[in-house]
Structures are given as C-alpha cells and as structure tokens.
Amino acid sequence: MAAHDKLVVDNDEYDYESLPPNFSLAANMVAGAFAGIAEHSVMYPIDLLKTRMQVVNPTPAAVYSGIGNAIATISRVEGYASLWRGVSSVVVGAGPAHAVYFATYEVVKQAMGGNAAGHHPVAAATSGACATIASDAFMNPFDVIKQRMQVHGSTFRNISECALTVWRNEGLRAFYVSYPTTLTMTVPFTALQFTAYESLTEIFQRRRQMAYDPLAHCTAGGLAGGLAAAATTPLDVIKTLLQTRGASTDAEIRQCRGLFPAAGIIWRREGLKGFFRGMKARVVTAAPSTAICWSAYELAKAYFIRIEEER
C-alpha cells in the first residue's frame, strides 16, 4: 500500500492506508466486511460467467464462445435473474471473510513496519498473503456453495439446500477439497496484487504530486487485480474443477481428489489452453472488483476516522 498518504491523529503521523492505532479491531473488520460485500455483489454476474466457462466437459447447452455470448445465452434461456444465482452465499460469506482478511492485513502490516514512511512492497506482500490464508479458511465452503449454484442446470433454490445436499452426499471434505489449491492460487495472487498495487500507487501519486489521490488508488487497484488474475488463472481453473466435481456426470472428475489429479485431467483433455478457460472473464471481474474493494474499504475507514475526530 502507498506510504505517502498520511493523516494526523493525536499529533502523530500514520499511513492513510491503515486505521490509526487508536482504532478498534472491530472498526477494521466492519470496514473489511463492507468492502467484501460491495466487491463481490457488484461483479457477481461476471464471476458466474467465469465459472460456467471454466467447467471441464460442460453440457452442450453450457458451451459459450465469449462473455457477450454467455450473457445473451443465459439471459435468454434461463432468465436474467439466473446471473445472480448463488449471490446470497457470497453476501453471507464475504462479509465475515473480508473482515478477517483486512483485520489480519492491518495487524501484520503494522507488525512488519509497513505503515512507516517509505516504500514497503515486502510488508505489503506478506501481510496480504497472511490475510488470504486466514480469510480463505472461512470463505472456502461458501465459495464451493456459490459455484455449485452457478453451474448450468443447478436446481438449488438457496444456499441452505445446497450446503445440506453437498454435506449429505459428499461430507465435510467437499467443502475443503479445493482449499490447498485455493491457497496455492490466492497466496501468490494476493502477494502479486499487493506488491503491484503498492508500486503502482507510489508511481501514480509521485507523477500527480498529490498527497492522496482516489483516482490513483482506484487505477492502481484495477491494474494490480487484473494482472494478478491473469497470472493465476490456471490455478483458478483447477479450483473450479474441484469445487464443482460433485455436480459433474463425469466419473473421473467426480473422483478427483486434489490439485495434481485435477491438473492432469485438464491437461489430457484440453492441453495448455484448458488452463486459461475464462481468463478474460476473470480479469474483467478482478480489475474492477479490486478497485471497488479498496475504494469501499477506504470509504469505510474514512467514515470511522471522521467519527473518531468528532468525538
């Protein structure tokens, strides 16, 4: 995160990108929850398209040639509302998960000196990676439910029905079979994203010579998110296979147990191109999502800062 943006609280300087030390952990978590719900809800339809496009061995009715074709086909055949199927899982899970995420991020960043003046990409990357490990442990089951509801032909009416069905048919393992793959993807994703964001924000603000520039933060967040999303798409495809395996009619996919077996299935059936299914949709989702997430987080923090100063 950028180190130039500062505000004065009790005559001490703090990095704008983190809440001052006199703020409670609860404030951090509320700001993070707000950011998570805003990020995932706004971009949800594109996330659904990404899942549909990443499914290995899809039914003929679920084969799409691109984002535009997918939106038109789904809206025409299943109804526009189907683009939001499973969004309740994101709303329920993303709030607490992002609360944990940003709370961990702020604590680790402060401990590593990332709030001091100067450029601290290592602190940003490490705090982001730690935040991801903590939040993904909470979010993974909700992500499984979300993707089960997103796939073509899903008949689940709500997240409770989906969760109970997965539990009864596949057990607890189904909710975490993709967790190692998720971490393999999200740790480098977050480290790359935070490092890029820190560096880009530093460059943009130096060029514009402004202490705090919302446009610079938004632009840096979007570019960093898009870059990280493109680089980690192969792991996201593997994760999708593992999380939707229970909805597949393919025996080999249903019996898949981990990252390397899943990668083998994709390689044998589709080759290298199979690992980049849905990359455009993933980038289109990640770039604005990152910008929305950080903008919402900073907005929530600014609100808490104003409330504290008015006391």
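Here is what the cut-offs are and how they apply
Residues numbered from 1 in each chain as written. Predicted model: local features only at pLDDT ≥ 70, side-chain atom pairs only at ≥ 80, totals over all residues. Heavy atoms only, no water. UniProt positions renumbered as here; feature names shortened; annotations may be inferred. Helix = DSSP H or I, 4+ residues; strand = E, 2+ residues; numbered from the N terminus. Buried < 20%, exposed > 50% of the residue type's maximum accessible area, 1.4 Å probe, protein only. Areas by Shrake-Rupley, 256 points an atom, 1.4 Å probe, with all protein chains shown as cover. Salt bridge = Lys/Arg side-chain N within 4 Å of Asp/Glu carboxyl O. Core = buried A, V, L, I, M, F, W, Y, C linked by side-chain atoms within 4.5 Å. Contact = heavy atoms within 4.5 Å. Expected span 1.5 Å × (residues − 1). Bend = angle between axes of the 7 residues up to and from the residue. Patch = residues over 30% accessible without salt bridge, like charges linked within 9 Å, V, L, I, M, F, W, Y side chains within 5 Å. Axes fitted to C-alpha atoms, helices over the stretch in contact; angles between N-to-C directions. Parallel < 35°, antiparallel > 145°, perpendicular 65-115°, else oblique. Nonpolar A, V, L, I, M, F, W, Y, C, P; charged D, E, K, R; others polar. Phe/Tyr/Trp six-rings, centres within 6.5 Å; stacked < 30°, edge-to-face > 60°. pLDDT = per-residue confidence, 0-100.

An unreviewed UniProt entry annotates the chain as Mitochondrial carrier originating from Dissoconium aciculare CBS 342.82. According to its UniProt record, the chain has this under Subcellular location (unreviewed entry): "Mitochondrion inner membrane".

A. Region of interest: the overall build of the chain. Looking only at helices and strands, the chain features 13 helices and two strands. Scored against the burial criterion, the 311 residues of the chain give a buried share of 53%. Summed over all atoms, the accessible surface of the chain reaches about 13,600 Å², with 65% contributed by carbon and sulfur.

B. Broad picture of the pattern of salt bridges. Summed over all chains, the structure comprises 14 salt bridges. Note that Asp143 is salt-bridged to Lys239, the shortest N-O span being 2.8 Å. Here Lys239 lies in helix α10 (residues 233-243) and Asp143 lies in helix α5 (residues 121-150), a separation of 96 residues in the sequence. Pair check on accessibility: Asp143 and Lys239 agree, each one buried. Two residues, Glu170 and Arg148, come together in a salt bridge whose shortest N-O distance is 2.9 Å. Highlighted residues: Glu170 in helix α6 (residues 159-170) and Arg148 in helix α5, separated in sequence by 22 residues. What emerges from the salt-bridge pattern is a single network uniting Asp47, Lys50, Asp143, Lys146, Asp236, Lys239 and Arg282.

C. Region of interest: the nonpolar core. Among the nonpolar cores identified, the biggest contains 17 residues, and Ile46, Leu48, Leu49, Tyr64, Ile74, Leu83 and Met139 are the most heavily contacted of them. Secondary structure elements with two or more residues in this core: α2 (44-54), α3 (67-78), α4 (87-111) and α5. With five residues, α2 is the largest single contributor of residues to this core. Once you skip the residues sitting within four places of it in the chain, Tyr64 turns out to touch Arg52, Met53, Asn69, Ala70, Thr73, Ile74, Glu78 and His152. If you look at the next biggest cluster of nonpolar residues, it comprises 15 residues, including Val177, Cys256, Ile266 and Phe275.

D. Expanded view of α4. Here α4 spans 35 Å end to end across 25 residues, near enough to the 36 Å set by a 1.5 Å rise per residue. At Ala94, α4 is bent by approximately 35°, the largest bend along its length, and proline Pro96 sits one to four residues beyond. Positive phi shows up at Gly113, right after α4, with a value of about 80°.

E. Representation of a nonpolar patch on the surface in the model. A cluster of nonpolar side chains, namely Trp167, Leu172 and Tyr176, defines an oily patch on the protein surface of about 320 Å² accessible area. Within the fold, Trp167 resides in helix α6.

F. Broad picture of the side chain of Thr285. Inspection of the secondary structure assignment puts Thr285 in helix α13 (residues 279-310). Setting aside residues up to four positions removed in sequence, Thr285 forms contacts with Met43, Ile46 and Asp47.

G. Quick look at the packing of α5 against α6. One can describe the packing of α5 onto α6 by two numbers: an axis separation of 10 Å at closest approach and a directional angle of 100°. One finds that α5 runs roughly perpendicular with respect to α6. Between α5, through Ile145, Arg148 and Met149, and α6, the contact on the second element is made entirely by Ile159, Cys162, Ala163, Val166 and Glu170. Class assignment for the residues of the contact of α5 with α6 results in six nonpolar, no polar and two charged.

H. Structural detail: the packing of aromatic side chains. In the structure shown here, the tally under the stated rule is three aromatic pairs. Look at Tyr44 and Trp84: their rings are 6.4 Å apart centre to centre, the planes differ by 15°, and that puts the pair in the stacked class. Separated by 40 residues along the polypeptide, Tyr44 in helix α2 and Trp84 in the loop between α3 and α4 bring together distant segments of the chain. Their ring planes at 25° and their centres at 5.6 Å tell us that Phe138 and Phe142 sit as a pair that is stacked. Remark: Phe142 and Phe138 occur in helix α5; sequence separation between them is four residues, near one turn of the helix.

I. The confidence of the model for the chain, seen in detail. Confidence in the prediction for the chain averages 80 pLDDT; 87% of positions are at 70 or higher. Low confidence marks residues 1-22, where pLDDT is under 50. Its contacts with residues over four positions away, or in another chain, come to 71 contacts.

J. Representation of the environment of Gly86. Checked against the element boundaries, Gly86 lands in the loop between α3 and α4. Owing to a relative accessible area of 5%, Gly86 belongs among the buried residues under this scheme. On a C-alpha basis, the gap between Gly86 and Val151 in space is 9.8 Å, while along the polypeptide they are 65 residues apart. Among all residues touching Gly86, those that are not within four sequence positions of it are Tyr44, Lys146 and Met149.

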